[in-house]
There are 2 protein chains.
Amino acid sequence: MQQLKERILREGKNLGNGILKVDGFINHQVDPLLMDACGQELARRFKNIHTTKVLTAEISGIAPAVTTALHLGVPVVYARKHKPITMPDQVFLTLTPSHTKGRTVELIISPEYLGHGERVLIIDDFLATGATILGLVRLAQTAGATIVGVGALIEKSFEGGRVALEPLGVPIESLACIDAMEGDLISFKD
Amino acid sequence: MQQLKERILREGKNLGNGILKVDGFINHQVDPLLMDACGQELARRFKNIHTTKVLTAEISGIAPAVTTALHLGVPVVYARKHKPITMPDQVFLTLTPSHTKGRTVELIISPEYLGHGERVLIIDDFLATGATILGLVRLAQTAGATIVGVGALIEKSFEGGRVALEPLGVPIESLACIDAMEGDLISFKD
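Residues numbered from 1 in each chain as written. Chains lettered and ligands numbered in written order. Predicted model: local features only at pLDDT ≥ 70, side-chain atom pairs only at ≥ 80, totals over all residues. Heavy atoms only, no water.

K.L.:
Before we go on, may I ask you to explain the overall build of chain A in this structure?
P.N.:
Scanning chain A from terminus to terminus reveals six helices and eleven strands. Taken along the three principal axes of its C-alpha coordinates, chain A extends 45 × 35 × 30 Å. Here chain A, with 190 residues, has 61% of them falling under the buried criterion. Counting only carbon and sulfur atoms, one obtains 49% of the accessible surface of chain A, whose full area is about 7600 Å². A gap of 2 Å separates the mean positions of the 19 positive and 21 negative side-chain charges of chain A. (Helix = DSSP H or I, 4+ residues; strand = E, 2+ residues; numbered from the N terminus. Buried < 20%, exposed > 50% of the residue type's maximum accessible area, 1.4 Å probe, protein only. Areas by Shrake-Rupley, 256 points an atom, 1.4 Å probe, with all protein chains shown as cover. Lys, Arg positive; Asp, Glu negative; His and termini not counted. Charge placed at Lys NZ, Arg CZ, Asp CG, Glu CD.)

Okay, structure coming up:
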């Protein structure tokens, strides 16, 4: 998606160790018009898979997941990293390593909002190693739901997430696929 | 806002101690169409205050802040509760008591995205005691920005947040103002 790629080239910053800073429009400050355009494009790419629910992980996944779900007309569930007091005692919980935090985090979903028969589209800001998305896959499958697609704003193809997700046999889409970051140079796959 | 009030009456749950569970459409599962309608209504109410930036706190503030910002056509910044590695060493940080967590949390903003001359509209899911919103006010004022309005989806008037915020002298808007919750009975101010 040209608009997102241009923004990454203009404002993204390679911090080294595979970390791309996009805090000016995705991860701290959010450009809602760009997010809406990204959600519209992801919804377009996944319009034929009959999604009943979008699933993401707090925190940075929320904005693109909400705009994608808005254009698909389905609810979105965001997995929590800490169990709030409003959640029942019995939950779906999985552990996943966090690339940017350097530790393991919990992903928690209430069985109230994900269950049998749901057709789940996973949306996140980044597809890197795929660890967070695989955590969401485990949660959805434990809940008895079916994964029907995976979408991300930005893919870092050199971190192998797509290969890790391919056994799912579902369409995987990213709006900007980065195949190399060296110093100030960020290059896209196509 | 009638649509939100009806949803609260239909799906909201009074858990006691002033806690209203709205996990089915705001705090865990999000109804993006409702969030968009709420954002549109908040944008309409604040259209004359010349906002340059919407400010909220992660996590549950993100969805309504993004949709409000989308309809106002301005960026949104969400204060982080943990400093990510992408943030500079020098940040704006304040402490605020969390009603639902029973402890103090940090609110952190990078000076890269909030500064002098900004006209800030604060948007959050709840206006309860006003503690989180006052934390955001302190951050914005420290950054040299001006608060021009405060908006929330749901106000619990019996927790005194509006009174705490009135000294700011800015318009305060909520889309559903609850004045009492007793057992299964939730009643609105108007």
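K.L.:
Where do I start with helix α1 (residues 2–11) of chain A in this structure?
P.N.:
Given 3.6 residues per helical turn, the α-helix brings residues three or four places apart onto the same face. All names here are of chain A. Here α1 has its buried residues at Leu-4, Lys-5, Arg-7 and Ile-8. Buried positions in α1, seen along its axis, are confined to an arc of 160° and lie on one side of it. Projecting away from the buried face of α1 at angles above 90 degrees are the exposed residues Gln-2 and Arg-10. (Arc of directions from axis to C-beta.)

K.L.:
What should I look at first to understand the confidence of the model for chain A in this one?
P.N.:
Parts of the model with low pLDDT should not have their predicted coordinates read in detail. When pLDDT is averaged along chain A, the result is 96; 99% of the residues meet or exceed 70. Across the assembled chains, the prediction reports ipTM 0.96 with pTM 0.97. (pLDDT = per-residue confidence, 0-100.)

K.L.:
What is the right way to look at the pattern of salt bridges in this model?
P.N.:
Where charged atoms from two side chains of opposite charge come close, those side chains can pair. This structure, assessed with the given rule, holds 20 salt bridges over all chains. Across the salt bridge formed by Arg44(A) and Glu41(A), the nearest N and O atoms sit 2.9 Å from each other. You can see Arg44(A) and its partner Glu41(A) sitting in helix α3 (residues 32–45), three residues apart, about one turn around the helix. Residue Arg44(A) is classed as partly exposed on the basis of its relative accessible area, which comes to 49%. Across the pair Lys156(B) and Glu159(B) runs a salt bridge whose closest N-O atoms are separated by 3.5 Å. Each member of the pair Lys156(B) and Glu159(B) is classed as buried. In the salt-bridge network here, residues are joined through shared partners; they are Glu41(A), Arg44(A), Arg45(A) and Glu173(A). (Salt bridge = Lys/Arg side-chain N within 4 Å of Asp/Glu carboxyl O.)

K.L.:
Is there a simple way to explain the sheet that holds strand β8 (residues 119–127) of chain B in this structure?
P.N.:
Within a sheet, neighbouring strands are paired by backbone hydrogen bonds and run either parallel or antiparallel to one another. With respect to topology, seven strands assemble into an open sheet ordered β3(A)-β5(B)-β4(B)-β8(B)-β9(B)-β10(B)-β11(B), the strand pairing being mixed. The sheet is open, and its two borders are formed by β3 (29–30) of chain A together with β11 (185–188) of chain B, each paired with just one other strand. Seen against the sheet, helix α1 (residues 2–11) of chain B touches β9 (146–156), β10 (172–182) and β11 of chain B and runs at an angle of roughly 25° to β10(B). (Pairing = 2+ DSSP bridges. Contact = heavy atoms within 4.5 Å. Axes fitted to C-alpha atoms, helices over the stretch in contact; angles between N-to-C directions.)

K.L.:
What exactly am I supposed to notice about the relation of the copies chain B and chain A here?
P.N.:
Mapping between the two copies of the chain is achieved by a rotation about an axis and a shift along the axis. Note on the identical chains: chain B maps onto chain A by a rotation of 180° and an axial translation of 0.0 Å, with an RMSD of 0.0 Å. Here the symmetry operator amounts to a two-fold rotation axis. An overlap of 100% is found between the interface residues of chain B and their copies at the interface of chain A, pointing to a shared contact surface. (Least-squares fit on C-alpha atoms with pLDDT ≥ 70 in both.)

K.L.:
I'm lost on unusual backbone geometry in this one. Help?
P.N.:
Excluding glycine, residues mostly have negative phi values, and the peptide bonds linking residues are mostly trans. All names here are of chain A. The step from Glu-58 to Ile-59 runs through a cis peptide bond, and the omega angle for that step is 10°. Even without being glycine, Asn-17 reaches a positive phi, approximately 55°. Structurally, Asn-17 can be placed in the loop between β1 (13–14) and β2 (20–21). Here Asn-17 falls in the exposed class, since its relative accessible area comes to 74%.

K.L.:
Would you mind showing me how to read the interface of chain B and chain A here?
P.N.:
Note on interface size: it is often stated as the accessible area lost on association of the parts. Contacts between chain B and chain A engage 41 residues on the former and 41 residues on the latter. Interface of chain B and chain A: buried area, both sides summed, is about 3600 Å²; carbon and sulfur atoms make up 63% of it. The partner of Glu112(A) in a salt bridge is Lys21(B), with the nearest N and O atoms 2.7 Å apart. Counting across the interface, chain B meets chain A through 22 residue pairs in polar contact (both at pLDDT 80 or more). Of all the elements in the fold, those that place two or more residues in the side of chain B that touches chain A are α2 (23–27), β3 (29–30), α3 (32–45), α4 (62–72), β5 (76–79) and β7 (103–109) of chain B. The greatest single-element share of the side of chain B that touches chain A, amounting to five residues, is contributed by α4(B). A breakdown of the residues in the side of chain B that touches chain A according to their chemical character gives 24 nonpolar, ten polar and seven charged. (Buried area = accessible area lost by both parts, 1.4 Å probe. Polar contact = N/O pair within 3.5 Å; in protein donor to acceptor, adjacent residues only side chain to side chain. Nonpolar A, V, L, I, M, F, W, Y, C, P; charged D, E, K, R; others polar.)

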